[in-house]
Structure formats: structure tokens, C-alpha cells
Amino acid sequence: MIKARINQLDVEVPEGTSILDAARQVHVKIPTLCKHRDLLPTAACGICIVRNKGGNKLIRACCTPLEEGMEITTHDSDIVDVRRATLELILSNHPQACLTCGRNGECELQTLAADFNISMETIKRYVKDVPPDRSTNCIVLDFTKCIKCGRCIQVCQEMQNVWALSFLDRGINTRMAPAGDITLAESPCVKCGQCSAHCPTGAIVEKDETATVWSALRDEDKICVVQIAPSVRVTVGEAFGLPPGTNLTKKLYSALRRLGFKAVFDTNFAADVTIVEEASEFVERFAHKRGPLPLITSCCPSWTDHMEKRHYDFIDNFSTAKSPQQMLGVLAKTYYAQKAGVDPSKLFMVSIMPCTAKKYELSRTEEMHASGFADVDVVLTTRELARMLKQSGIEFLALPDAEPDSILGSYSGAGTIFGATGGVMEAAVRTAYHYATGKKLKNVELTAVRGLAGVKEGEIDINGAKVRVAVAHGLANVEQVLERVREARKAGKETPYHFIEVMACPGGCIGGGGQPYGVDNERRMKRIAGLYQDDRDRTVRYSHENPEVVQVYRDFLGKPLSGKAHELLHTRYTA
Ligand code: HC1
Ligand code: SF4
């Protein structure tokens, strides 16, 4: 352990702890624009400078380990002046577009500029006019707002192993851009939005589609309906000052009705349907040897995009079940439309998702129009929904609780945990066990696949056979799992895993690229805890026992994997 002093306070930290992290232990916040808790330090911004007693130069707290006996000063008038000068340099190269920026009110640079009382009048400005990249329909890159902190590049290259973004050019001309200076759509980008979740400014934001939804809500020829994703219920409160993990499901139902949606559905219902289809696929492959193993989950659109681009040797392993978002959409435009007696061509389905890639998923393949209409018309991220709620003047947190619509609304505990890494696997195992054995899985919680370890493994006994499962989240973590399968294939050995879950974002959808800003592991764990609590609170915890799911099969779809289920609820992948 290292003993030292920070601002005359004793601190004791493990060797190798940075001054920045050590200062947090004594509740001293050293400002930084480049260091994010998820990422290694890059020392790019120079805001975190501090002084060590007797030292003749300022040192960067993010990348300097605290050493025995150091006496660090983090804030004095000289240090504040240097920080202000650094900020002025950054701002000299930054547009003054705060009032119209997607990060207005939530920008780390704007906050520091306010804290340091920067006066723009005194700053000479050199801002290049470079057009934004809107090529993906999910993510907007506004290069003029980039402060070259490098967070997005580290996220894209190291956390996601996608390498869509890079620093181009050198010296004063250094800039962030898609590698090779192509458009983001031409790059290997999988639209996960993790770059936007880690960007400190408005340089990378989701494509805002709130105006489209406002206009649909006003359009008398449209019947606007809505669905909310599993994770949104435990994150949207953060945009209104509530702690992460606060479950606002029933307030969301209420607020969405007040916004003008004619029916409020829950994606959790369709997560239960996805499980019924996917668990059936698994049992077909595992117990009846019809189809290749491992079965790999496919509900994360960034993951399917990545697989098609880079791991297409696994195409036949992918579950063909559509994601819950798409299943809910197609069931609304067929089953619900019939039952409610409404014209499906007038139905306008809005999904509230934690995810920027869901904006891409809705037009991914022609199967996403299986009813003759788009399964889903518009996707709003959690952040966009929060914006709409604020614009609407609805006092969201004061609303009375409400219920969802009575079909396509009820959900099991298995459906809600989809939003956490490992949740899809846990939900699938609960139902696959029942389908394979006819019995109820007694130990409903598959704790081996919970938590934030990058790769988690578990084993379940089904009729005396061991089912080996793996869960990876954060795309870089999937490589080792797939490599193990490839090695076994090459050696002609049995597959190391029978079932694999992959979610592109660290933590799963609770850490999605469209969630409220400020994600780190502490926040991820709180959001996940909110979902597991929701699971424990449900009277039904198995997808196949959800009474509305039973009803939709009985009245409309027939059996799992039936012809109709295939036509409406399944899709294809292409390399
Ligand atoms: Fe997800 Fe899914 S869990 S992909 O993370 O399978 O986005 O929350 O809605 O579709 O249900 C996201 C979350 C979400 C789908 C489900
Ligand atoms: Fe990389 Fe994801 Fe951002 Fe695309 S959306 S540039 S894959 S981090």
C-alpha cells in the first residue's frame, strides 16, 4: 500500500493507483475531459494537472501513480489558472453552438466552462467548417465539436474491437474520423453508440427523431402505439435526478398515454415470446440434434451486424428468432390490429430503446416487414424519450401508476432481465429446461451468468446432459469465446459451449449507447440490480408461463416454431 497526502489529507491506496483515483477516496474531484472510468488514461486533455510538493512541474493526475510520501495539491490559484488556459485553448477550436447542441445541459465541456467562468469574448477562435457525418441514420458525428480526447477511439477499438474510428492526420491537424476517411456507414461501425455514451461533448450523438414522433402523434391518420424496452424502466429516472435502478415501469405507461399514444405495449412481453421461440430452437438443436451448436443469441443488432461483417462463419449458429423489439412490432400490426379492429396500415409503432443500433435494426432485412408493414416505424433512445417528456410539460415523476395494454403488455421476470448481460441466457434456460424435461427448473436464478465479468460461463443439467453456456458483453470479449469454438471445430472436438449470449454493450442493454449519460460500472450494477428486483417481484418468472404469451400462441401463432411463427417472428443473416 502507498501512503501519501492529498490536499493535506492522509490517503492510503494500493500501489499503482493514479493520483486521480486516489483523490476520489478523500472526496476530491480533479477535473478531466479525457479520462473516463471505463477507460485507460490517455493524458490527452491536460485538465487534470496537479502539483507535488517540491516538484517544479505540474503533473497529470490521470496517468501518474501516487507514490509513497507524495504531498499533492490538486487545487490552488496557479493550477486553476492553468486549467482555465487549457480550457480556453480547447474552446478556441470549438463552436459556440451550446444552445442548439444535442448535449446542451449535459456536456462535460460546457459544465467545466461554466465552473471556470470562461468568457468567450476574450478567446480567438479557429473553428473549421466540416460537415457532420449522418450516414448511419443512428449516430451523428459532428467533427467540429470533437476535442480530441480520444475516448470514442479507445471505446471503439479496445472495448468493442470494431476499429471504425481513428485519429487521422498529425500534429495540429489531428482529427477523429472513421478510419480511412470514409463515411461511418462505409466503415465497420456496428452502431452500438458506445462512442456517444463516452463522448464528453456533442461530437457524437444519436440521430434525434423526436420531431418525427411529435408529428406522428399529431397526425390524425396515424394510430400511434409504443413499446418500452426492458432496461429503459430502470434508467430513464436518471434523466430526472433519480438514482440508477429506480423502476419506473408504471409511470412510463402513464406518461406515454399522456403523450398521446393510443396503446402502450411492453417489449418485455415480446422478450417472453423471443424466449419461447429461441428456447424451442435450442431444444431442437441440443436434444433432437437438428441444427448446429452452439446456438448464439441474436437480439442485439450491433452484435448481428458485427457477426455478419466479421464472424460470418457463425451464421448458421445464430438464432433466427427476431429481437423482442421486432416481434412486438409485427405482433402489434397483425394480432393486435385484428383483435382491436384497427387498420394495420395506420398503426405507427414507436419503440423506446436504450440503443442506437435499434434505429438500424428496423430496416435490417425484408423480414422486418413481415406483416406487409414495417414492424417498427421509429426508435427513440432513452435520452430522446426523456427529452420528449421534458418538452411535454408532463410531471413524469408525479404521475399516477398505470397498466400497459392488456395484450402485448404483461411480462414475466424472465422478460425483464433481458436488459442485463446474462439475462437472455438465464431466461432461455428457464424455458429450455421445461421444454426438454417437462419439469419446472427449481433453481430459477442462474447466478453464474450474472455480474460484470467480460465472459461468464455456466453449466446446467438437462435430463442428465450437461448444457454448457457462455455469456459475453462488450464486443471485444466475444473474440475469446468464438475462438474457443473455432479451435474445437478445427480439432474435430465437441463444442466447448452449447449456447452463447452476446450483447455488444458492456453490462448489456442497461449500458446501451442511448442510455442517460454518465455510465460506469457502479451505475451499471445499480441498473442491473433494478432489473433483478423486478424479476423477483413478478408472480410469473418463466416466459412460457406468461398468460398473454400462452394466449397469443393459442389464438394466433399456433405452436412455437410453427409456420406462422417462422413467417412473422424469424429472420435471416447474410455475410
Ligand atoms: Fe435490449 Fe432486447 S434486451 S436488445 O438489450 O432483446 O435495446 O433493454 O429491448 O429487442 O427485450 C435493447 C434492452 C431490448 C430487444 C429486449
Ligand atoms: Fe465504434 Fe460503436 Fe461508435 Fe460505431 S457506434 S463508431 S462501432 S463505438
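Residues numbered from 1 in each chain as written. Chains lettered and ligands numbered in written order. Predicted model: local features only at pLDDT ≥ 70, side-chain atom pairs only at ≥ 80, totals over all residues.

- The name that an unreviewed UniProt entry assigns to the chain is Hydrogenase, Fe-only, with the source organism given as Opitutus terrae.

1. Brief notes about the overall build of the chain
So, step 1. Within the chain, the regular secondary structure consists of 18 helices and 17 strands.
So, step 2. A globule of 575 residues ought to have a C-alpha radius of gyration of about 25 Å, and the chain, at 25 Å, matches this closely.
So, step 3. Structurally, the chain occupies a C-alpha span of about 75 × 60 × 45 Å along its principal axes.
So, step 4. Buried positions account for 53% of the 575 residues belonging to the chain.
So, step 5. Residue pairs in contact within the chain that sit at least 24 positions apart in sequence constitute 73% of those at least 6 positions apart. (Helix = DSSP H or I, 4+ residues; strand = E, 2+ residues; numbered from the N terminus. Rg over C-alpha atoms; globule rule 2.2 N^0.38 Å. Buried ≥ 20, exposed ≤ 12 C-beta atoms within 10 Å, placed from the backbone. Contact = placed C-beta atoms within 7 Å.)

2. Some remarks on the sheet that holds strand S15 (residues 455–462)
So, step 1. Spatial ordering of the open sheet is given by S12-S17-S16-S15, a layout of four strands whose pairing is mixed. This sheet does not close on itself; its edge strands, each paired only once, are strand S12 (295–296) and S15.
So, step 2. For S15 and strand S16 (residues 465–473), the ladder comprises eight bridges, and the chain directions are antiparallel. Paired with lysine 456 across the strands is valine 471, a residue of S16.
So, step 3. Those strands touched by helix H15 (residues 478–490) are S15, S16 and strand S17 (499–503), and its axis lies near 145° from that of S16. (Pairing = 2+ DSSP bridges. Axes fitted to C-alpha atoms, helices over the stretch in contact; angles between N-to-C directions.)

3. A word on the sheet that holds strand S1 (residues 2–6)
So, step 1. Spatially, the five strands line up as an open sheet ordered S2-S1-S5-S3-S4, and their pairing is mixed. The open sheet has two edge strands with one neighbour each: strand S2 (9–13) and strand S4 (59–60).
So, step 2. Here S1 pairs with strand S5 (residues 71–73) via two bridges, running parallel. When the sheet's bridge partners are listed, arginine 5 is paired in S5 with glutamate 71.

4. Section: the site of ligand 1
So, step 1. Taken together, 19 residues surround ligand 1, and among them Ala229, Ser231, Cys299, Pro324 and Cys509 come closest.
So, step 2. Among the secondary structure elements, those contributing two or more residues to the shell around ligand 1 are helix H8 (267–286) and helix H10 (324–340).
So, step 3. In the shell around ligand 1, the residues fall into 11 nonpolar, seven polar and one charged. (Near = placed C-beta within 6 Å. Nonpolar A, V, L, I, M, F, W, Y, C, P; charged D, E, K, R; others polar.)

5. As for the environment of glycine 202
So, step 1. Inspection of the secondary structure assignment puts glycine 202 in the loop between helix H5 (194–198) and strand S9 (204–206).
So, step 2. Judged by the 25 C-beta atoms lying within 10 Å of it, glycine 202 falls in the buried class.
So, step 3. Between the C-alpha atoms of glycine 202 and lysine 251, which are 49 residues apart in sequence, the distance is 29 Å.
So, step 4. Leave out the neighbours within four places in its chain, and glycine 202 touches Cys101, Gly102, Arg103, Cys107, Asp142 and Lys145.

6. A closer look at the site of ligand 2
So, step 1. Around ligand 2 sit 14 residues, and of these Cys156, Ala164, Cys189, Cys192 and Cys195 come closest.
So, step 2. Among the secondary structure elements, those contributing two or more residues to the shell around ligand 2 are helix H4 (151–159) and H5.
So, step 3. Taken together, the residues of the shell around ligand 2 sort by class into 10 nonpolar, three polar and one charged.

7. Section: the nonpolar core
So, step 1. Membership of the largest hydrophobic core comes to 170 residues, with the highest contact counts inside it found for Val225, Ala332, Ala428 and Val469.
So, step 2. Per-element accounting of this core gives the leading share, 10 residues, to H8.
So, step 3. Not counting the four nearest positions on each side in its chain, alanine 428 is found in contact with Ile275, Glu278, Ala279, Phe282 and Phe499. (Core = buried A, V, L, I, M, F, W, Y, C linked by C-beta atoms within 7 Å.)

8. What to know about the UniProt feature "domain: 4Fe-4S His(Cys)3-ligated-type" (unreviewed entry) in the chain
So, step 1. Those residues carrying the UniProt feature "domain: 4Fe-4S His(Cys)3-ligated-type" (unreviewed entry) are residues 78–117 in this numbering.
So, step 2. Structurally, residues 78–117 comprises 55% helix and 0% strand, and the distance from its first C-alpha atom to its last is 15 Å. (UniProt positions renumbered as here; feature names shortened; annotations may be inferred.)

9. So, the domain arrangement of the chain
So, step 1. If you check the domain split of the chain, you get domain 1 (2–90), domain 2 (92–206) and domain 3 (212–569).
So, step 2. On a C-alpha basis, the centroid separation for the pair domain 2 and domain 3 is 30 Å.
So, step 3. At the interface, 19 residues of domain 2 touch 25 residues of domain 3.
So, step 4. For the side of domain 2 that touches domain 3, the leading source of residues is H5, giving three residues. (Domains from an automatic or database assignment.)

10. Side note on unusual backbone geometry
So, step 1. Residue proline 294 is bonded to the preceding leucine 293 through a cis peptide linkage, with omega at 0°.
So, step 2. Of note in this structure, lysine 148 is not a glycine but carries a positive phi near 60°.
So, step 3. With respect to the secondary-structure elements, lysine 148 resides in the loop between strand S6 (139–141) and H4.
So, step 4. A count of 18 C-beta atoms within 10 Å places lysine 148 in the partly exposed class.

11. With respect to the pairing of S2
Here is the key point about a regular strand: its side chains alternate between the two faces of the sheet.
So, step 1. When S1 meets S2, the two strands line up antiparallel, connected through five bridges. Residue pairing in the sheet places alanine 4 in a bridge with valine 11 of S2.
So, step 2. Where S1 folds back onto S2 in an antiparallel hairpin, the turn is made up of two residues, including asparagine 7, whose phi is positive at roughly 50°.

12. Observations regarding the packing of H8 against H10
So, step 1. Where H8 meets H10, the closest approach of the two axes is 8 Å, and the angle between their N-to-C directions is 105°. The angle between the axes of H8 and H10 places the two elements in the roughly perpendicular class. Contact with H8, carried on its side by Thr267, Phe269, Ala270, Ala271, Val273 and Thr274, involves Pro324, Gln325, Met327, Leu328 and Leu331 of H10 and no other residues of that element.
So, step 2. Looking at the contact of H8 with H10 residue by residue, the class counts come to eight nonpolar, three polar and no charged. (Parallel < 35°, antiparallel > 145°, perpendicular 65-115°, else oblique.)

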